[in-house]
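Analysis of the macromolecular model
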Amino acid sequence: MVKTNLLHFELKDKLNIFGCSGECRKLLAQEVDNEWPRRFRLNEIAHAVELIWPSEMLVTPEFKALDQLAAELFDTTNGGLHYRKETEPDFVRLCARLDPAYVAAWQLAKDFRDQTKTEKFEEVSKASELIDALQPLFSPPVQKNAAAVAENHVHLGGVYGSGLALMLAVLHPAKGQLKQHAQQELIKELQRLLAALLQLPDWLLPSAETKKTQQQTVTKDQHHQRINALIQYSIGQAWLFQTEMQVDWYGIAQQPADESVVNPAWLRKQVALYMQAGDVSKAWLYLLIWLWWHYQDPHCCERFRTLTLYFLNRINRLRREVIMDGQGLSRFVQYYDEPLRWGKSAPNQFNAAQVLFQNAKDVAELKVTRSKLNPKDLALWLKQMEKAVQPDSAYGDAVASRFVPPTAAQANAYRALMERWHFCIHFLRTPAFQHHPEKVWHEARALLQQCFSLSGWDRPELLGLSSQLSDEQQQTLRPAAWIRGLDVAGDENLVRIEVYAPALRWLRQAFVARQTERSLQALVGAASESADLLKGWHFSIHAGEDYAHPLSGLRHLDETVQFCAMKKGDRLGHALALGVDAESWLARHGDALLPVDEHVDNLVWAWHEAGALAERLPWCAKVKDHLEKRIRRLLPYVPWLHPVCFAWEHPLKQRLETRQLRKDCQEKSATESILIDDLYTAWKLRRNCYWQFLRWQQSGVQDDATLAALPDLDLLKQSDNKAGKLFLQRARWLEVQKPSWQPETSGQNNGDEKTSGKAASGKAGKKDSKAQKEEKTAIKVRPALPKPPPFGYCDFTKDGLLKVRVSSLRRGTALPAVAEPDALNMLTDFYHSDELKFIHALQDVKMQEYADLGLMIEVNLTSNTYIARLEDFKEHPVFRWYPVAKADLNAGGKFNVFGLRKKPMTVCINTDDPGIMPTTLRTEFRLLKEAALDRGDEEALAEAWVKKLRQAGMDEFRQKHVPVWRKAH
């Protein structure tokens, strides 16, 4: 509607500004009612909308709603601008819906224009200093003596800011970045609009500040004509008949501008200068200030103000596609992989370095895929990092000129940059890996080879000033030391950890063996050097983050710990299922819906845990009995328990013929006789890799991979072992869900780095090792099993894979003896209140168990609040894992109701993806303190608690980090 009003305008008519405002108020009211359904009365909504969009909107240079937001959220005292600490939670919530740069730029434009503050900004240098001093997300300034912070769980690809992403997408997109994008037409429209504005600023009416230098007067009619031409070109169709405008950053940067006082020409020039410098976030802010400057000009016409708001609203709509404000990990993946986020690497990494290293001593463990583990990408990252954290460094000039001999201090400063971070390489849970452990093994071998490749690591742009030092000052770069851990990230409901765990165990052993071998071969004093290289190598695995049912999340966590053989020093990412109250979760979520085999796995696992817990809490015996009844009701519907009914191993023709004859369940008696204890043991056997078991059956050779992947091989050899037979039966069922696979020669390509397969493999991955060639041969000769039909031949399997709806058992009713599919082809299972109490106790048991193992939980406050079903920061389970008040862990205390815990879980605080869920690490610590106070904890205790958490993060990084440089021998 706004676009229509802008386009259909004739000079003889006035823009129907009041009609336009009325339509805008109507749309705002609908938006409020849709966002908070049935929360407000209609008259309340109308009153709120009138405050936001008063009748004089667009006619005057006022925007009172932004004035109010700026006053409430931003502190402009002491010549700076940052969000107020006391309104931090409100500010963070705002960031999920609106780019805070809109509000900050409005306030800055107003301050720059305010004649009462002329003395403050009489020179542009003062304005430049103010903007250059702004922190990421407009957080409070970090003092030089401020305590350092450590990120131990942050995805490098998830740091890139929204303003950065949008600025790159609209004005400087990477080649092919937005091809086939759903919003491509809108993006092109916005590109045309900004290009026209920036290239031809005389579209605009000269402001009062620049009229003094104008030789001719622009009449109001001429101004309207220019604005109309701008509109018709950018959002109309006139561009079809004109040469398309492109932004010439160099040309704009070279244009003269009065630098005695802040003015539009100077602001426009800053946009170009910062774009040229690669600081796109600052360019974005200057662009917004420039637009608001003209909006606030009393001489600005209503049409340009309308056009400005049209542009900013459409941009904010695009921003909603790159900012996470919903629930669930599958939703998060959509935001993460959004093409708008993936522009040119250099400005993205420059922005990431600014966010991660606000203080000279801040450090970070960065999560990346192996495609980033190559000299070229690391050289780019180091260059952008140095530019962000050491802008006055002489490194760039020294390397460029080759004539300036570096000092040892300069070289050491550059080396020190490399010691402020290390990598945790993560595998991704993507559909390509579902039921495909062979792909994981292929990726694992490629990673190991890549880690220890020496090719390309001696390039000058990577070694920096160190390459120009004398022989006495030279040190050796150890790229393998950058790899400090392994992770599996992504939707745990899509691909289970059992697909990755065997390869992870092998990688840990192989990595340690390879480093030890190289140390012994190449180093003097090998024993001490070997210990140095092996220090702090760990797993940091996403688990229990997003789940279909609380028991699913808890079991996924236990699978991760057991199947990956986690030990002291390892970490669990998120682990929300270990602390979120199950009753509250189910109350918000309603009935849970999950596959029947997944649900039976949960019940079998919980049945075993209930039996163990009954020795300490006798009432759990009743829970165990109820769980057994539920298992028996659902067991006949588990598809992998019906190999005959599905005729897995029969030729297709024979299967189709058999289907006509077979009606009765051929597995009914076998299903009824299965012991639940055997099912639990079969579940534990899933730590073994069935694909490696097939390879062993074919070759009979037990190599290091076989030993790591098949810790229970002796049991699996026993043909009469019932648990082993159940494990193999399920494994065959999963195997026939896929066609035979031929390994790819490329590396793991994914949404994180958007790297082509050729580039992802890196130089180190071009040639296959002997082991890889043998592995490929083994894969090729494996016979492909026929894929079963989507349904079976008995009453239990005729409708295919069923879903289970898990609901609460109504008071006074009994559990039905038989489970039958309903009209929606779903089974219904029921839990009672004692089981919710049992889940709470089981969480406490697992907390103590993992604490005794020496595991740590990686807490991501803002990320967890968005992805999980939490309504407020104070609901986060970090307060249960690591209580503010020690008394809460006393037996019978708030977080030890059953007396099962003896000590807290150790935790570290992180941001996860601060570009997708806007935050910074220091913001997270302040939010934690506010949440503790909201929970009723004393302020002194809360401050001491946050201080301990900050120090725990630093200690964790130091324990894991190994110097990447060592003295040459």
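Keep in mind it's a predicted model, so treat the numbers as computed, not measured.

**Comments concerning the packing of helix 13 (residues 280–295) against helix 14 (residues 302–319)**
In helix packing, the relevant descriptors are the interaxial angle and the interaxial distance, both defined with respect to the helix axes. Between helix 13 and helix 14, the shortest axis-to-axis distance is 9 Å and the interhelical angle comes to 150°. When the axes of helix 13 and helix 14 are compared, the pair comes out roughly antiparallel. Along this stretch, helix 13 crosses helix 14, giving a crossing that reads as left-handed. Counting all contacts with helix 13, which are made through Trp284, Leu288, Leu291, Trp292, His294 and Tyr295, the residues of helix 14 involved are Phe304, Arg305, Thr308, Leu309, Phe311, Leu312 and Ile315. By residue class, the composition of the contact of helix 13 with helix 14 is 10 nonpolar, 2 polar and 1 charged.

**A word on helix 26 (residues 596–613)**
Side chains that are three or four residues apart share a direction in an α-helix, a result of its 3.6 residues per turn. Its 18 residues place the ends of helix 26 25 Å apart at the C-alpha level, agreeing with the 26 Å of an ideal helix rising 1.5 Å per residue. Within helix 26, 15 of the 18 residues are buried, which leaves the element mostly enclosed by the surrounding structure.

**Digging into the packing of helix 24 (residues 550–563) against helix 38 (residues 833–853)**
Direction vectors running N to C along helix 24 and helix 38 enclose 20°, while the axes themselves pass 12 Å from each other. Between helix 24 and helix 38, the crossing angle belongs to the class labelled roughly parallel. The chirality of how helix 24 crosses helix 38 is left-handed. Residue-level inspection shows Leu551, Leu554, Leu557, Asp558 and Val561 of helix 24 in contact with helix 38, the latter providing Ile839, Leu842, Gln843, Lys846, Glu849, Tyr850 and Leu853. When grouped by side-chain class, the residues that make up the contact of helix 24 with helix 38 number 8 nonpolar, 1 polar and 3 charged.

**What to know about the confidence of the model for the chain**
Summary statistics for the chain give a mean pLDDT of 81 and a share of 77% for residues scoring 70 or more. Scored below 50 in pLDDT, residues 522–530 shows 12 contacts in the model against residues more than four places distant or in partner chains.

**Some details on the packing of aromatic side chains**
A complete count under the given rule lists 28 aromatic pairs for this structure. Plain terms: the ring middles of Trp106 and Tyr295 are 5.8 Å apart, the flat faces sit at 70° to each other, and that makes the pair edge-to-face. Of the two residues, Trp106 is situated in helix 6 (residues 100–113) and Tyr295 in helix 13; the sequence distance between them amounts to 189 residues. Just as Trp106 is buried, Tyr295 falls in that class too. Measuring from ring centre to ring centre gives 6.5 Å for Phe357 and Trp381, while their planes differ by 45°; the resulting arrangement is tilted. Here Phe357, found in the loop between helix 16 (345–356) and strand 4 (363–368), pairs with Trp381, found in helix 17 (residues 375–389); they are 24 residues apart in sequence, far enough to count as distant. Both residues of the pair, Phe357 and Trp381, belong to the buried class. Members of the aromatic cluster, each reached through a chain of ring pairs, are Phe357, Trp381, Trp421, Phe423, Trp457 and Trp482. Over the aromatic face of Trp293 sits the side chain of Arg113, whose NZ or CZ is 4.9 Å from the ring centroid.

**Side note on the sheet that holds strand 9 (residues 571–574)**
The strand order across the open sheet built from 8 strands is 3-4-5-7-8-9-13-14, with neighbouring strands paired in parallel fashion. In this open sheet, the two edge strands, each paired with only one partner strand, are strand 3 (150–155) and strand 14 (906–909). Along the sheet, successive strands turn relative to each other by an average axial angle of 25°, direction set aside. Across 2 bridges, strand 7 (residues 483–490) lies against strand 8 (residues 538–543) in parallel orientation. Its bridge partner lying in strand 8, Gly485 is registered against His538.

**Some words on the pattern of salt bridges**
Tallying each qualifying case throughout the model produces 38 salt bridges. A salt bridge links Glu858 to Arg571, with the nearest nitrogen and oxygen atoms 2.5 Å apart. One end of the pair, Glu858, is in strand 13 (residues 856–859); the other, Arg571, is in strand 9, and 287 residues separate them in sequence. The exposure class of Arg571 is buried, given its relative accessible area of 0%. One salt bridge in this structure joins Asp601 and Arg686, with 2.8 Å as the shortest N-O distance. Placement of the pair is Asp601 in helix 26 and Arg686 in the loop between helix 31 (676–684) and helix 32 (690–699), with a sequence separation of 85 residues. The two residues Asp601 and Arg686 agree in class, both being buried.

**Examining the environment of Ser371**
By the element assignment, Ser371 lies in the loop between strand 4 and helix 17. At 3.0 Å, the side chain of Ser371 forms a polar contact with the side chain of Thr369.

**Quick word on the nonpolar core**
Core analysis: the largest hydrophobic core is formed by 170 residues, its most contacted members being Trp421, Phe423, Tyr500 and Trp881. In contact with Trp421, not counting residues within four places along its chain, are Phe357, Ala364, Leu366, Leu378, Trp381, Leu382, Met385, Trp482, Phe957 and His961. Counting residues in each nonpolar core, the second largest holds 85 residues, with Cys24, Leu94, Phe138 and Ile227 among its members.

Reading guide: rules and limits
Residues numbered from 1 in each chain as written. Predicted model: local features only at pLDDT ≥ 70, side-chain atom pairs only at ≥ 80, totals over all residues. Heavy atoms only, no water. Axes fitted to C-alpha atoms, helices over the stretch in contact; angles between N-to-C directions. Helix = DSSP H or I, 4+ residues; strand = E, 2+ residues; numbered from the N terminus. Parallel < 35°, antiparallel > 145°, perpendicular 65-115°, else oblique. Left-handed = near helix turned anticlockwise from the far one by under 90°. Contact = heavy atoms within 4.5 Å. Nonpolar A, V, L, I, M, F, W, Y, C, P; charged D, E, K, R; others polar. Expected span 1.5 Å × (residues − 1). Buried < 20%, exposed > 50% of the residue type's maximum accessible area, 1.4 Å probe, protein only. pLDDT = per-residue confidence, 0-100. Phe/Tyr/Trp six-rings, centres within 6.5 Å; stacked < 30°, edge-to-face > 60°. Lys NZ or Arg CZ within 6 Å of the ring centre and 35° of its normal. Pairing = 2+ DSSP bridges. Salt bridge = Lys/Arg side-chain N within 4 Å of Asp/Glu carboxyl O. Polar contact = N/O pair within 3.5 Å; in protein donor to acceptor, adjacent residues only side chain to side chain. Core = buried A, V, L, I, M, F, W, Y, C linked by side-chain atoms within 4.5 Å.

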